[in-house]
Every structure is written in C-alpha cells, then in structure tokens.
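Fold and contact review
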Amino acid sequence: MKRKLSILGATGSIGGSTLDLVERHPDRFEVVALTAASKVAELADAARRGGARLAVIGDGALLPELEQRLAGTNCRAATGRDALIEAATSADLIMAAIVGCAGLEPVMAAVEAGKTVALANKEALVTAGALMIDSATRNGATILPVDSEHNAIFQCLAGSRSKEIARLILTASGGPFRSHSLTGMRAMTPEQAVAHPNWTMGAKISVDSATMMNKGLELIEAHHLFGLPSDRIDILVHPQSVIHSMVEYIDGSLLAQLGSPDMRIPIAYALAWPERIESGAARLDLTQIATLTFETPDPERFPALRLARAALEAGGAAPTVLNAANEVAVAAFLDRRIGFGDIALLVEQTLERTSAPAPRSIDEVIDIDERARHTARQLMTALAA
Ligand code: NAD
Ligand code: MG
C-alpha cells in the first residue's frame, strides 16, 4: 500500500529533495497535497508531476495563476490558512518543510490529528517545544526528525533508554566563517553568508549556519526531541560534515552516523522509517576523505550559541523570543538593512527586553512571537539611527 504524503514547503530545498525521493519510489508514496509561499509555476509543475489533489499557494494574489496552470488536472488550487491546515491533515505522512514560525500552525494541526510528521521545520519545534511534544504524546502523533543531526541521533539511539545515554553530541560544520576573525565577519555580505561550504540550503538556514544560530536552534530542537537537559547536549565543530552527530552511552561507547552531506539521506530515512530506501546520495569514500577533524566552537565569534543555550536554560518564553528575533534579524540582514554582527546583537537585546512565562497554548506562542518581532523591529530602528 502506498503512503499518502503531503509536502508543506514543496518548492524549497527540503521540499525539492523530498519530491526527488518520491519520484525515485513511485510504488511507495502517493502525493496528496503540496504547498508553497509564492513559486507558483514550480508548485503547479510539482503538483502535475506528482498527481497531487490539492495545491496551496501562500500568496492569495497568485491563486488565479495557480488555477490556470492546474486546469485540466484533478488538482484543486487553494490559498489561505484553512487550505494549509487541510494540506497538513489530509495525508498519513506530512513533510513539514516550511521555513520559520510560519510553519507552526500546520505542523501543530498535523500533530493534533495524530499524523506522522517528518519535521524539517525546526523553528516550529523551537518556538512551541513542550506544547508540540505534549500534543504528539496525547494524540499519538509520531515526530521523525529530518534535520541531519537529529536524524543521525535518532538512528544512533535505536530505541535506547535515556538512563543509558551519557550525552548527545551535535556536530556543526562551523559554516562559511568558521575561521574568520570577528572583525572580518562583521563585514560579510548576504552573498558570502549564504555560500555554505558543505550544504546547499535555503537562504534563512544558510545565514543561521553562518552565525551558528542554526546549531543553537538545533540544541533546543534536540532537547525537545530526545528529552535531555542542556548540560547533556554538546556541540562539536566538525568541518567536513561527514559525521552528522553522535550519541555517547554510559559505558563509553560513542555511536555516530556518517554519510555524504546530502539531505536526501535523512529525508529518505524519515519517509521510509522504520525501513530504509535508496536515496540517490553519493556513497562516502572514506579513503578519499582520509581525515576527520574536530574543534570546540568559539563562543566569542559565535555569540548565537551562547544566546540559544541561555534561552533553553531560562525556559519560559525565551526560546520563542529567540526564534522570533532571529527571524526578523536574518530577514533584515538578507535585505541589507543590518550588518552580520547585528543579528546576534538584536537577538540578545530582544531577549533582554522580553520576559514572559512559558506559553500554555499555540495562541500564546503566536502572541509572544508577534510581540518579540515588534520589539526586534523597534530595536532595529534604534540601531540604524
Ligand atoms: P527554503 O527557503 O528553501 O524553502 C522554504 C519553503 O517554505 C518554500 O517552499 C517556501 O515556499 C515555503 N514558505 C516560506 N515561507 C512561507 C510562508 N510564510 N508560508 C508558507 N510557506 C512558506 O528552506 P529550506 O532550506 O528547504 O528549509 C526548510 C526548513 O527545513 C527550515 O526550517 C530549515 O531550518 C529546515 N532544514 C533545512 C535543511 C536544508 O538542508 N535545506 C536542513 C535541515 C533543516
Ligand atoms: Mg541541521
């Protein structure tokens, strides 16, 4: 029997890799719904090729064009929140690959409907952490990590009991500015920041990799997915991106998952779990790689790591505020309105000015998120003045 699959964020980097896997395995997956923010031609093309029944475009002004492009197919074109929720709840398996907090509501809808969620959209988990995990437990939903580090840990854990785990080690490439000086980094442009040495990804996560906020978000993500406290999750810089993460057990065993830096490997694992399927990724040639190196991350040059760990340890609304301020700051940096060094500065200042108890509902998460964005924008104006 084919698994019914919806892809939220089908036109992005993760969405594209997911569609590639679906085309490699036509016997396994049936595409039900696809969504995108604004790339209407790509969305329509993917919906036609995949035989989707629903295509949802975020920008309502593009709906007539989507309808036109889907004319003569069995695929319904739609826009709006309800259509996005429908896409997130009308399949068995949901690939959550929208970037940012914009993906929160559909991911929560899928979790509440007890679906299997392949989660790439880490911001949704960072911002709503405990609420999402509680809802998954209550509603019998399964959250499968797509982020390569968390997918690696998931593979290395293989159902082990938490008392047997000493710590998790998240590996980080260090991004494009790993060996730049602090002053050098401050002058970096959006083009330089998105030029990741090992991975091809969307613009937002590429900037997050350059500031290492990505690893900070992943620390919070790992805490929620695997239920371990901050002091049992370490970050290790590993520039080759061959080891995707590790689990250290109490007996001293260290288990690692290795593979070429191709997101189709973790995506394939999440889509086929508990089975494995061919992914199309190149096999590792260890003799050619020859050397794997490791470094401690530098807290001076990468303050985002410190901010994310502090937010996780502070709890309350801090992770939601951290994520919201970072989204505002990264968008402003990509728009050339602030400098590279201002990203972490804005996040830090927003965190200092916002304190709230942990959100008790998704409405409260959205409220905290909106207020933090407002504060971050005000601080940005002050920064520019
Ligand atoms: P991307 O920018 O390439 O794609 C984002 C997708 O989300 C697009 O389809 C876009 O249309 C859609 N989208 C954006 N804003 C939206 C909105 N407001 N409403 C509805 N849809 C919207 O991003 P990506 O690199 O594919 O990353 C997607 C998610 O996966 C992110 O959360 C990222 O952190 C995570 N992730 C990505 C990678 C990677 O290798 N690209 C690795 C690990 C985790
Ligand atoms: Mg990752």
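Please refer to the structure higher up on the page.
Residues numbered from 1 in each chain as written. Chains lettered and ligands numbered in written order. Predicted model: local features only at pLDDT ≥ 70, side-chain atom pairs only at ≥ 80, totals over all residues. Heavy atoms only, no water.

**Let's talk about helix α12 (residues 264-272)**
In terms of residue burial, α12 counts as a mostly covered element, since eight of its nine residues are buried. Residues of α12 that are buried: Arg264, Pro266, Ile267, Ala268, Tyr269, Ala270, Leu271 and Ala272. (Buried < 20%, exposed > 50% of the residue type's maximum accessible area, 1.4 Å probe, protein only. Helix = DSSP H or I, 4+ residues; strand = E, 2+ residues; numbered from the N terminus.)

**Some words on the site of ligand 1**
Within the structure, ligand 1 sits among 21 residues, and Thr11, Ser13, Ala37, Glu123 and Gly202 are positioned closest to it. Gly12 places a polar main-chain atom, nitrogen or oxygen, 3.1 Å from an oxygen atom of ligand 1. Note that an oxygen atom of ligand 1 is positioned 2.6 Å from one of the side-chain N or O atoms of Glu123. Within the complex, 83% of the 820 Å² of free accessible area of ligand 1 lies under protein. The set of elements that each furnish at least two residues to the shell around ligand 1 consists of α1 (13-24) and α6 (122-139). Among the residues making up the shell around ligand 1, the classes are represented as 12 nonpolar, six polar and three charged. (Near = heavy atom within 4 Å. Polar contact = N/O pair within 3.5 Å; in protein donor to acceptor, adjacent residues only side chain to side chain. Areas by Shrake-Rupley, 256 points an atom, 1.4 Å probe, with all protein chains shown as cover. Nonpolar A, V, L, I, M, F, W, Y, C, P; charged D, E, K, R; others polar.)

**Topic: the sheet that holds strand β2 (residues 29-36)**
Pairing between sheet strands relies on hydrogen bonds along the backbone, with the strands arranged either parallel or antiparallel. What the seven strands build is an open sheet, ordered β4-β3-β2-β1-β5-β6-β7; its pairing is parallel. Looking at strand neighbours, the two that pair on one side only are β4 (76-79) and β7 (142-145), the edges of this open sheet. Ignoring strand direction, the axes of neighbouring strands in this sheet form an average angle of 20°. Taken together, the four bridges between strand β3 (residues 54-57) and β4 define a ladder with parallel strand orientation. What sits directly across from Leu54, in β4, is Arg76. Each of β1 (3-8), β2, β5 (93-96), β6 (116-119) and β7 touches α12; the most contacted strand, β5, lies at about 155° to it. (Pairing = 2+ DSSP bridges. Axes fitted to C-alpha atoms, helices over the stretch in contact; angles between N-to-C directions. Contact = heavy atoms within 4.5 Å.)

**Digging into the sheet that holds strand β8 (residues 165-172)**
The four strands are arranged β9-β8-β10-β11 in an open sheet whose pairing can be described as mixed. Edge positions in the open sheet fall to β9 (233-237) and β11 (254-258), since each of these has one partner strand only. Between one strand axis and the next, the sheet turns through 20° on average, direction left out of account. In the sheet, strand β10 (residues 243-249) pairs with β11 via five bridges, with the strands oriented antiparallel. Within β11, the residue paired with Ser245 across the bridge is Gln257.

**Overview of the coordination of the magnesium ion (ligand 2)**
Donor atoms from the polypeptide that bind the magnesium ion (ligand 2) are Asp147 (OD), Glu149 (OE) and Glu218 (OE), placed at 2.1 to 2.2 Å. Along the chain, the residues donating to the magnesium ion (ligand 2) are arranged with the sequence spacing D-x1-E-x68-E. Residue Asp147 is located in the loop between β7 and α7 (148-157), and its partner Glu218 is located in helix α11 (residues 213-226); the two are separated by 71 residues in the primary sequence. Given a relative accessible area of 8%, Asp147 falls into the buried group. Accessibility expressed as a relative area gives 0% for Glu218, which makes it buried. (Donors = N, O, S within 2.8 Å, 3.2 Å for Na, K, Ca; no water.)

**Considerations on the pairing of β7**
Bridge count for β6 against β7 is four bridges, and the pairing is parallel. Bridging from a neighbouring strand, Ala118 pairs with Leu144 of β7. Chirality of the crossover, the property in question, places the unit of β6, α6 and β7 among those that are right-handed. (Right-handed = clockwise from strand over helix to strand, strands pointing away.)

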